[in-house]
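# Close look at the chain arrangement
Letter by letter, the chains look like this.
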Amino acid sequence: MNLKYVYSFLAVLVLFLVAYVGVEGLGLDWLFGIIVPYLAVIVFVVFGTKRILGWGRSAVPFRIPTTAGQQKSLPWIQSSPIDNPSSKLGVWVRMALEVLTFRSLFRNSRIKLGSGPKISYHLEIFLWLGALAFHYAFLVAIIRHLRFFAEPVPFFVQLVQSVDSFFRFEIHYDPIQVGLPGVALSSIVLLLAVTFLLLRRLLDTKVRYISLAADYFPLFLILGIAFTGILMAYFTKVNVAAVKELATGLVTFQPTIPEGLGGVFYVHLFFVSVLLAYFPFSKLMHLGGIFMSPTRNLTTNTRAARHVNPWNYPVKIHTYEAYEDDFREKMVEAGLPVEKMPAATAAEEKE
Amino acid sequence: MNDKNKIIAGLIVFLALFTFPVWYNLGKAAPAPEVILTEKAKEAKVCVMPTEYMRANHMQLLDHWRHEVVRNAKRVFVNADGKEYTMSLSNTCLDCHSNKADFCDKCHDYASVSPYCYECHIDNPKGE
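### Some words on the side chain of glutamate 324 of chain A
Relative to the elements of secondary structure, glutamate 324 of chain A occurs in helix 13 (residues 320-333). For glutamate 324 of chain A, the residues in contact, after removing those within four places along its chain, are Met331, Val338, Glu339 and Lys340 of chain A.

### Observations regarding the nonpolar core
Ranked by size, the top nonpolar core spans 50 residues in total, and within it Leu221, Leu261 and Phe265 of chain A carry the most contacts. Those elements that place two or more of their residues in this core are helix 1 (4-25), helix 2 (29-57), helix 5 (126-145), helix 7 (185-203), helix 9 (213-236), helix 10 (240-251) and helix 11 (262-278) of chain A together with helix 1 (4-18) of chain B. If sequence neighbours within four positions are ignored, leucine 221 of chain A has contacts with Val12, Leu15, Phe271, Val274 and Leu275 of chain A. Listed in part, the nine residues of the second largest apolar core include Val48, Met54, Leu61 and Tyr85 of chain B.

### Some thoughts on the packing of helix 2 of chain A against helix 11 of chain A
Residues and elements named next belong to chain A. As a packed pair, helix 2 and helix 11 sit with axes 8 Å apart at the nearest point and diverge in direction by 20°. Here helix 11 runs roughly parallel to helix 2, going by the angle between their axes. When the axes of helix 2 and helix 11 are compared, the crossing they make is left-handed. Contacts between helix 2 and helix 11 pair Asp29, Phe32, Gly33, Val36, Pro37, Ala40, Val41, Val43 and Phe44 from the former with Tyr266, Leu269, Phe270, Ser273, Leu276 and Ala277 from the latter. Residues that form the contact of helix 2 with helix 11 fall into these classes: twelve nonpolar, two polar and one charged.

### With respect to the layout of surface pockets
Residue and element names in this part refer to chain A. As a volume, the second largest pocket reaches approximately 260 Å³. Val12, Phe16, Gly224, Phe227 and Phe271 are the residues nearest the centre of the second largest pocket, which is lined by 14 residues in total. If you tally residues by element for the lining of the second largest pocket, the top one is helix 9, at six residues. For the lining of the second largest pocket, the class distribution of residues is twelve nonpolar, two polar and no charged.

### Considering the domain arrangement of chain A
Per the domain assignment, the segments of chain A are domain 1 (4-292) and domain 2 (320-350). The distance between the C-alpha centroids of domain 1 of chain A and domain 2 of chain A comes to 75 Å.

### Remarks on the packing of aromatic side chains
How two aromatic rings sit relative to each other is set out by the distance from centre to centre and by the angle between their planes. Inspection of every chain in the model, using the stated rule, returns 22 aromatic pairs over all chains. When the ring of tyrosine 38 of chain A is compared with that of phenylalanine 253 of chain A, the centres are 6.2 Å apart and the planes differ by 10°; the resulting orientation is stacked. Note that tyrosine 38 of chain A is positioned in helix 2 and phenylalanine 253 of chain A in the loop between helix 10 and helix 11, a separation of 215 residues in sequence. Given a relative accessible area of 56%, phenylalanine 253 of chain A falls into the exposed group. Ring centres of tyrosine 323 of chain A and phenylalanine 327 of chain A lie 5.3 Å apart, and the angle between their planes is 55°; this geometry places the pair in the tilted category. Here tyrosine 323 of chain A and its partner phenylalanine 327 of chain A are both found in helix 13, four residues apart, which amounts to about one turn of the helix. Of the residues examined, tyrosine 323 of chain A reaches a relative accessible area of 37% and is grouped as partly exposed. Exposure remark for phenylalanine 327 of chain A: the relative accessible area of 37% places this residue in the partly exposed category. Clustering of aromatic rings is evident, with ring pairs tying together Phe155 and Phe156 of chain A together with Phe20, Trp23 and Tyr24 of chain B.

### Observations concerning helix 11 of chain A
Residues and elements named next belong to chain A. Here helix 11 is 17 residues long and its end C-alpha atoms lie 24 Å apart, about the 24 Å a rise of 1.5 Å per residue gives. Counting buried positions along helix 11 gives twelve out of 17 residues, so the element sits mostly inside the fold. Listing the buried residues of helix 11 in full gives Gly263, Phe265, Tyr266, Val267, His268, Leu269, Phe270, Phe271, Ser273, Val274, Leu275 and Leu276.

### Some words on the interface of chain A and chain B
Taken together, the contacts link 50 residues of chain A with 36 residues of chain B. The contact between chain A and chain B buries some 3800 Å² in all, and 64% of this surface belongs to carbon and sulfur atoms. On the chain A side of the contact with chain B, His172, Gln177 and Leu180 of chain A bury the most area, a combined 15% of that side's loss. Here chain A and chain B share one salt bridge between them. The partner of arginine 66 of chain B in a salt bridge is glutamate 170 of chain A, and the shortest N-O contact between them spans 2.7 Å.

### Remarks on the pattern of salt bridges
Enumeration over the complete set of coordinates arrives at 19 salt bridges over all chains. Residues lysine 244 of chain A and glutamate 151 of chain A are paired through a salt bridge, measuring 2.8 Å at the closest nitrogen-oxygen approach. Linking lysine 244 of chain A in helix 10 with glutamate 151 of chain A in the loop between helix 5 and helix 6 (155-164), this pair joins segments that are 93 residues apart in sequence. With relative accessibility at 0%, the residue lysine 244 of chain A sits in the buried group. Between glutamate 52 of chain B and arginine 55 of chain B there is a salt bridge whose closest N-O contact spans 3.1 Å. Within this pair, glutamate 52 of chain B and its partner arginine 55 of chain B are both found in helix 4 (residues 51-72), separated by three residues, close to a single helical turn.

### Considering the side chain of asparagine 239 of chain A
Within the secondary structure layout, asparagine 239 of chain A lies in the loop between helix 9 and helix 10. Accessibility expressed as a relative area gives 13% for asparagine 239 of chain A, which makes it buried. Setting aside anything within four residues of it in sequence, one finds asparagine 239 of chain A in contact with Leu261 of chain A together with Arg55 and Ala56 of chain B.

### Considering unusual backbone geometry
Residue and element names in this part refer to chain A. The omega torsion across glutamate 151 and proline 152 is 0°, close enough to zero to call that bond cis. With phi around 65°, lysine 237 is a residue other than glycine that occupies positive phi space. Position of lysine 237 among the secondary structure elements: in the loop between helix 9 and helix 10.

### Quick notes on the environment of isoleucine 7 of chain B
Tracing the chain through its elements places isoleucine 7 of chain B in helix 1. Not counting chain neighbours up to four residues away, the residues in contact with isoleucine 7 of chain B comprise Ile52, Gly56 and Met292 of chain A.

### A closer look at helix 2 of chain A
Structurally, the α-helix is built with 3.6 residues per turn, so residues lying three or four positions apart point the same way. For helix 2 of chain A, with 29 residues, the first-to-last C-alpha span of 41 Å sits near the 42 Å given by 1.5 Å per residue. Along helix 2 of chain A, the sharpest change in direction is near 30° and occurs at valine 36 of chain A; proline proline 37 of chain A comes one to four residues later. In the core, the buried residues of helix 2 of chain A are packed alongside helix 1, helix 10, helix 11 and helix 12 (286-289) of chain A together with helix 1 of chain B.

Calculation criteria
- Residues numbered from 1 in each chain as written.
- Chains lettered and ligands numbered in written order.
- Predicted model: local features only at pLDDT ≥ 70, side-chain atom pairs only at ≥ 80, totals over all residues.
- Heavy atoms only, no water.
- Helix = DSSP H or I, 4+ residues; strand = E, 2+ residues; numbered from the N terminus.
- Contact = heavy atoms within 4.5 Å.
- Core = buried A, V, L, I, M, F, W, Y, C linked by side-chain atoms within 4.5 Å.
- Buried < 20%, exposed > 50% of the residue type's maximum accessible area, 1.4 Å probe, protein only.
- Axes fitted to C-alpha atoms, helices over the stretch in contact; angles between N-to-C directions.
- Parallel < 35°, antiparallel > 145°, perpendicular 65-115°, else oblique.
- Left-handed = near helix turned anticlockwise from the far one by under 90°.
- Nonpolar A, V, L, I, M, F, W, Y, C, P; charged D, E, K, R; others polar.
- 1 Å grid on protein atoms, 1.4 Å probe; cavity = no way out; pocket = protein on both sides within 12 Å on 5 of 7 lines; lining within 4 Å.
- Points joined across faces, edges and corners; volume = space filled by probe spheres on them.
- Domains from an automatic or database assignment.
- Phe/Tyr/Trp six-rings, centres within 6.5 Å; stacked < 30°, edge-to-face > 60°.
- Expected span 1.5 Å × (residues − 1).
- Buried area = accessible area lost by both parts, 1.4 Å probe.
- Salt bridge = Lys/Arg side-chain N within 4 Å of Asp/Glu carboxyl O.
- Bend = angle between axes of the 7 residues up to and from the residue.

Right, dumping it as C-alpha cells:
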C-alpha cells in the first residue's frame, strides 16, 4: 500500500494552519500579505532561471528525436513531416501541438489481454482530457486574476472574464446563495480536473504504485488554492476592492495591508506563494522543460545531414601510412608485407 | 546543439509576461477608490446592514431581496437592529446612493465586475 499521499496531505494541512493561525490568531497580516509573497516571487524567478540556464548548459550532442512516423528518405517513401520532421517548420508545428495540445499524452495507450491470447491496445484518453481541462482552466484563472493586479483592467482580461462567466448559475436557498456577480466556469473545471487527477493517482493501483509524495503535493496544494478561491468568490465573500488594493500595492512596490481581508484570503495567498516558491524545485518545471525536450525540438534529418558533435576534441591520430613510413625498413627486413616498397628494394627487384 | 541564445530569449519572454502587472502599472499605486456619499447617505449614517458587510456581501443581499419580492411577494426587510426597509434597489438603495457613477461604478470598474442590475433598472429613477 502506497501511503505517500498522506505526507503531502499533511503538509498542505500544516500550511493551511500556519497561514490561518498566523493571520487570525497572531495577526501576522504583513508577513503573509507582503513578506511571503515577495519572497516567493524572488525564489521563483531566481531559482527558476537558474534551473533553465542549467538545463541550457547540458550537452545535447546528438539528435535524439523519438519517432512516431516515417523519416524523410527516398522521394517515393511517404514520410510524416510533423511526427518526424525534417524541416524547421515541421519542428515548430510539432512543438506547438505538443505545448498547446499535449500530443505525447494523447498517445497514451493501455495494453489489454482479452479473453483470448490476443493483446489489444486501447486509447487511454482520460488522462489527456483531464490534463487539458486542468491546464487551460488554470490559465484562464490566472488571466482572470490579472484584474486584481492591473489598473485599469486590460481589455483581454475583461474579455476572458465575460466569456468565462458566460453561463449563469444562481442558487438561492436560505443557507447558501451562490452566483452573483457571476460564476467563473474555469474555477469549477479547475476544481473538478484537479480532483480527477488526484483520484486517478489514488484509485488506479498501477499509477498509485509509482506515485511519490512530490506527485501528490502539488495536486493537494492546487486543490487547496481552488477550494479557498471558490470559497471566497461564491460563499464567504471578501471585499474585492481591498484585495485589489493589496495586490496592486505588491506589484507597484508600495505594499499595503487593507483591513478586513480575513483568514481564508490569506490562506489562498499563502498557498499560491508556496506553489510559486516550490515551483523551481519540483516537477512543475515542465513549464519550461517542455520547450527544451530534445526528443521533440530537433529536426530528424539524421540521414540527410551529417551531424558532428560541435565540441569534439581534436584527437591526435597516427595513420597506417605514417606508421609504415616509420618502420618500413625494419618491416622489410623481418619479411613483413608492406604497401609501399622502399626505393632501394624496389630497384633491386627490378634487376 | 548550442541553443543558448534561443533559451535566453525564451526566458526573457517568459519573465516579461510574468512581470506584466509590474510594467503595466509602472509603479503607479492603485488604492481602492473612495466612494462618494450623497448628502442623503451621509445624513442617514447607516446602511441597511453594517458597512463591512455591505462591502463584501451587497450582491447577495440584493439577490435575496429580489428572490423575496419576486417569488415570495415579501417586500419588507428587517435588519439586525429591527429597522424596516422596503426591498427595492431603485427605491431604497438608489434613494440614498443616487450617484451611480461615483458610488456603484467606482468599485465595479476598479474590480472589473459587470453586474446586470442596470440592464433592467435605470440609474437614477428620480431623475435627480
